[in-house]
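An overview of the molecular structure
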Amino acid sequence: MGHASDAAAIAADKEAFRAYLRDHNLPATAQRLAIADVVLGTDRHLRAEDVAGELRARGANAGTATVYRTLDVLVRSGLVVERDFGEGFKRYEAARGVPHHEHLLCTSCGRVTEFRDERLERMTQLLAEAHDFSRQRHRLVIYGLCGDCRRGRPSGSFRGS
């Protein structure tokens, strides 16, 4: 996907969120739209506090409760996916036609890396069939150390990228 189509997809998501708010009689407050902007405008897996921090950096402010409530609305709208990697908090990412993908989670810096592997997809299908099981979905998270942490270098990205 090129940058122009990324920008178009992000704009379409923001418009879809406005429509969702309208359809559910929820006010399209500046705070809600700013929070949607942050989450829909990145491909990172953000924690609620990352969203709040990014809002402050942009000169917008929203209380923690507002951030959480808006993230809930975004998840219910189908535009954002909630991820739980067992870290004691949730992360959020734009759903934007995300093809199925797996995650690598660095237990040192918290960086999440996405990957896809067709061999893994085929293997999960074969395993399901071997157990007379009709596969609907699966989730794989591999925990370990990213290359930067293994080599003792700071990853250069803040926790939650």
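Scope of this entry: the structure provided in the associated data block. (Residues numbered from 1 in each chain as written. Predicted model: local features only at pLDDT ≥ 70, side-chain atom pairs only at ≥ 80, totals over all residues. Heavy atoms only, no water.)

1. Examining the packing of helix 2 (residues 30–40) against helix 3 (residues 48–57)
We apply this condition: Axis definition: a line fit to C-alpha positions, over the contact stretch in the case of helices; interaxial angles, taken between N-to-C directions, run 0 to 180 degrees. Numbered from the N terminus, helices here are DSSP runs of H or I no shorter than four residues, and strands are runs of E no shorter than two. For classification purposes, an angle smaller than 35 degrees is called roughly parallel, one larger than 145 roughly antiparallel, one from 65 to 115 roughly perpendicular, and anything else oblique. A crossing counts as left-handed when the near helix is turned anticlockwise from the far one by less than a right angle, and as right-handed when that turn is clockwise. The contact criterion used is simple: two residues touch if any of their non-hydrogen atoms lie within 4.5 Å. Residues are grouped as follows: nonpolar covers Ala, Val, Leu, Ile, Met, Phe, Trp, Tyr, Cys and Pro; charged covers Asp, Glu, Lys and Arg; every other residue, Gly included, is treated as polar.
With their axes 10 Å apart at the nearest point, helix 2 and helix 3 run at an angle of 110 degrees to one another. It follows from the interaxial angle that helix 2 and helix 3 lie roughly perpendicular. As helix 2 packs across helix 3, the resulting crossing turns out to be right-handed. Contacts between helix 2 and helix 3 involve Ala34, Ile35, Val38 and Val39 from the former and Val51, Glu54 and Leu55 from the latter. Looking at the contact of helix 2 with helix 3, its residues break down into six nonpolar, no polar and one charged.

2. Details of helix 4 (residues 64–76)
Quick note on the threshold: The span one expects for a helix is its residue count, reduced by one, times 1.5 Å. Buried means the residue's accessible area, taken with a 1.4 Å probe over protein chains only, is under 20% of the maximum for its type, while exposed means over 50%, and partly exposed covers the values in between. This arc is built from the directions going out from the helix axis to the C-beta atoms.
Between the first and last C-alpha of helix 4 there are 18 Å, a value that for 13 residues agrees with the 18 Å anticipated at 1.5 Å per step. Of the residues making up helix 4, those classed as buried are Thr66, Val67, Thr70, Leu71, Val73 and Leu74. Viewed end-on, helix 4 has its buried residues packed into an arc of 160 degrees, placing them on one side of the element. Among the exposed residues of helix 4, those oriented more than 90 degrees off its buried face are Thr64, Arg69 and Arg76. Immediately beyond the C-terminal end of helix 4, within one or two residues, lies Gly78, with a positive phi of roughly 85 degrees.

3. Notes on helix 2
With respect to burial, helix 2 is a largely interior element, eight of its 11 residues being buried. Residues of helix 2 that are buried: Arg32, Leu33, Ala34, Ile35, Ala36, Val38, Val39 and Leu40.

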